[in-house]
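An overview of the molecular structure
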Amino acid sequence: MLVAAGGFLWATTTAESKLAAEYETHHFGMAIPWPLSPEEVEALGEHEGGAADEAALERALERGRHLVSARYGCSECHGADFGGGVMIDDPAMGRLFGPNLTLGEGSVTRDFTATDWDRTVRHGVRRDGRPSLMPCEDFFAMSDRELSDLVSFIRSLPPVDRTMPGSSLGPVGKVMVATGKFRLSATLLADHDAPHALEAPPPAVTPEFGAHLAQVCSGCHRQGFEGGPIAQGPPDWAPATNLTPHEEGLAGYTFEQFEKVMREGTKPNGEHVAAPMTVVTPYAARMTDTEMQALWLFISTLEPRPTGR
Ligand code: HEC
Ligand code: HEC
């Protein structure tokens, strides 16, 4: 009894000190919306003042819409309307809510600067310098232009009036943070000063573009894509498949089989994929053919590796 109480006290203080740590990140600027290049302005030909800004905004919105519908699942936790949503609501684990990102009543992002967006999304650090509970390691490799496009799109959404409660960890959540089972994203980024890529590799069927797309898979399928039990997930999640061309992984898979798993969630043996891969397939269904092929090119040419333990 005493031991359990002592352990819990340890977990609470350890988790609290981890959550109270302060992180310095770089100050960061980016244009929102992302401007046209000089060549693109030239390609507009004779144009009225303001037309280049309008064209830039239109393009940013189109790209941002694609990013949130096919690539980055912000709405899984921030709600389909981006007005706030639930990540976990469990008294033991914690109550983690994605706050309202629109400009309505209850918005937390209304006066966000580029630095604030950068910190939150690509560093896991809140505005006040403390670590965020948002798992964002999948977004670390997002380019400046993608972040700018996302922000343009989110700001253009209809304002939603909704105030989400603050997030807090329950007893089990605190133990998981204290013991390092749930790793705060801010602790996973080795260098909070490192510059980000200005632009993603150009969208084409190349291993470089495929590698960029595959960043969002590595949170579950691991950095080396060897799969295995998912470190950050609850125990009932299926282990992530080994995505390398190893006999324990995707050796023998064809592009057609890969595309069917990704877009429809149907495996070659006819079964439906298990959770949490089920979260991914509705997004992947909206990837362009170029994205799907680039992803496959990258994955199918990985070094074969045995499955992670
Ligand atoms: C797995 C769930 C999840 C996903 C996916 C997610 N978020 Fe979050 N987000 C959260 C939670 C939980 C919080 C609250 C964190 C806290 O209070 O420490 C949060 C907070 C935020 C905040 C507010 C930070 C602040 O200082 O108040 C912003 C901005 C944000 N998220 C943007 C995004 C964007 C953009 C995406 C997509 C690229 C995204 N989130 C994807 C769960 C998520
Ligand atoms: C939230 C965690 C998660 C993310 C993110 C994720 N996966 Fe998965 N994936 C899984 C799990 C778990 C399985 C195993 C599902 C099963 O056993 O049915 C899986 C299975 C697969 C399979 C194999 C299905 C089969 O035939 O057995 C492929 C292919 C795959 N994922 C590709 C991807 C790609 C590509 C991405 C990134 C775009 C991705 N996954 C992102 C968790 C994830």
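One structure accompanies this document, and this report is about it. Quick caveat, the model's predicted, so the values are computed rather than measured.

So, how was this worked out
- Sequence positions are assigned chain by chain, starting from 1 and proceeding in written order.
- Starting at A for chains and at 1 for ligands, labels are handed out in the order in which the entities are written.
- Owing to the predicted nature of the model, reporting of local features is limited to residues with pLDDT of at least 70; listing and counting of side-chain atom pairs is limited to 80 or more, with chain, interface and lining totals taken over all residues.
- Heavy atoms from the whole structure form the basis of all side-chain values; hydrogens and water molecules are not counted.
- Under the scheme used here, helices are H or I runs from DSSP no shorter than 4 residues and strands are E runs no shorter than 2 residues, and both carry numbers assigned from the N terminus.
- This radius of gyration counts C-alpha atoms alone. The globule rule is 2.2 Å times how many residues there are, raised to the power 0.38.
- Burial classes: relative accessible area under 20% of the type maximum marks a residue as buried, over 50% as exposed, and values in between as partly exposed (1.4 Å probe, protein chains only).
- The contact definition used throughout considers only heavy atoms, calling two residues in contact when any of these lie within 4.5 Å.
- All accessibility values rest on the Shrake-Rupley procedure with a 1.4 Å probe; residue burial counts only the protein chains present in the view.
- Ligating atoms shown are N, O and S within 2.8 Å of the metal, or 3.2 Å for Na, K and Ca, and water is not included, meaning a site may look less than complete.
- Think of it this way: with four donors and all angles in the 85 to 135 degree range, the site is tetrahedral; with four or six donors, opposite ones beyond 155 degrees and the rest between 65 and 115, it is square planar or octahedral; otherwise it is irregular.
- Here a polar contact is recorded for every N or O atom pair within 3.5 Å, except that within protein the pair must consist of a potential hydrogen donor and a potential acceptor, and residues adjacent in sequence are included only if both atoms are side-chain atoms.
- For two strands to be treated as a pair, DSSP must find no fewer than two bridges joining them.
- Working definition: residue near molecule or strand if any one of its non-hydrogen atoms lies within 4 Å of it.
- Here the term charged refers only to Asp, Glu, Lys and Arg, the term nonpolar to Ala, Val, Leu, Ile, Met, Phe, Trp, Tyr, Cys and Pro, and the term polar to all other amino acids, Gly among them.
- A side-chain nitrogen of Lys or Arg and a carboxyl oxygen of Asp or Glu constitute a salt bridge if their distance falls within 4 Å.

We now examine the overall build of the chain. The secondary structure content of the chain amounts to 13 helices and three strands. Its C-alpha atoms give the chain a radius of gyration of 21 Å, near enough to 19 Å, the size a compact globule of 309 residues would have. C-alpha extents for the chain along the principal axes are approximately 80 × 50 × 35 Å. For the chain, with 309 residues in total, the buried portion stands at 44%. If you take every contact in the chain between residues at least 6 apart in sequence, the share linking residues at least 24 apart comes to 67%. In the form shown here, the chain has an accessible surface area of approximately 15900 Å², with 58% of it arising from carbon and sulfur atoms.

Turning our attention to the coordination of the iron atom of ligand 2. Protein-derived ligands of the iron atom of ligand 2 are His221 (NE2) and Met277 (SD), with the metal-ligand distances lying across 2.0 to 2.3 Å. For the iron atom of ligand 2, the six donor atoms in the first shell make angles of 86 to 180° at the metal, a pattern classed as octahedral. One end of the pair, His221, is in helix H10 (residues 218–221); the other, Met277, is in helix H12 (residues 277–284), with 56 residues separating them in the sequence. Classification of His221 by relative accessible area gives buried; the value is 9%.

This paragraph deals with the side chain of His78. Residue position: His78 is located in helix H4 (residues 75–78). A polar contact is formed between the side chain of His78 and the backbone oxygen of Pro99, at a distance of 2.9 Å. Every residue in contact with His78, bar those within four places of it in the chain, is listed here: Gly83, Gly84, Gly85, Gly98, Pro99, Leu101 and Met134.

We now examine the sheet that holds strand E3 (residues 168–169). Strand order in this open sheet of three strands is E1-E2-E3, and the pairing throughout is antiparallel. Pairing within the sheet leaves two strands with one partner each, and these edge strands are strand E1 (85–90) and E3. As paired elements, strand E2 (residues 94–98) and E3 share two bridges and run antiparallel to each other. In the strand pairing of E3, Gly94 is matched with Leu169.

Not every one of the 24 residues close to ligand 2 is listed here, only the nearest: Cys217, Cys220, His221, Tyr253 and Met277. For ligand 2, an oxygen atom lies 2.8 Å from a polar atom in the backbone of Ala274. Counting residues per element, the shell around ligand 2 draws most heavily on helix H11 (residues 255–264), at three residues. Counted by class, the shell around ligand 2 contains 21 nonpolar, two polar and one charged residues.

Let us now look at the pattern of salt bridges. Within the structure shown, the criterion is met by 18 salt bridges. A salt bridge links Arg71 to Glu291, with the nearest nitrogen and oxygen atoms 3.7 Å apart. Taken together, the residues span a long stretch of sequence, with Arg71 in helix H3 (residues 51–71) and Glu291 in helix H13 (residues 289–300) at a distance of 220 residues. Of the residues examined, Arg71 reaches a relative accessible area of 10% and is grouped as buried. Lys260 is the salt-bridge partner of Glu264, the closest N and O atoms lying 3.2 Å from each other. Of the two residues, Glu264 and Lys260 are both situated in helix H11; the distance of four residues between them amounts to about one turn of the helix. The class of Lys260 is partly exposed, set by a relative accessible area of 41%.

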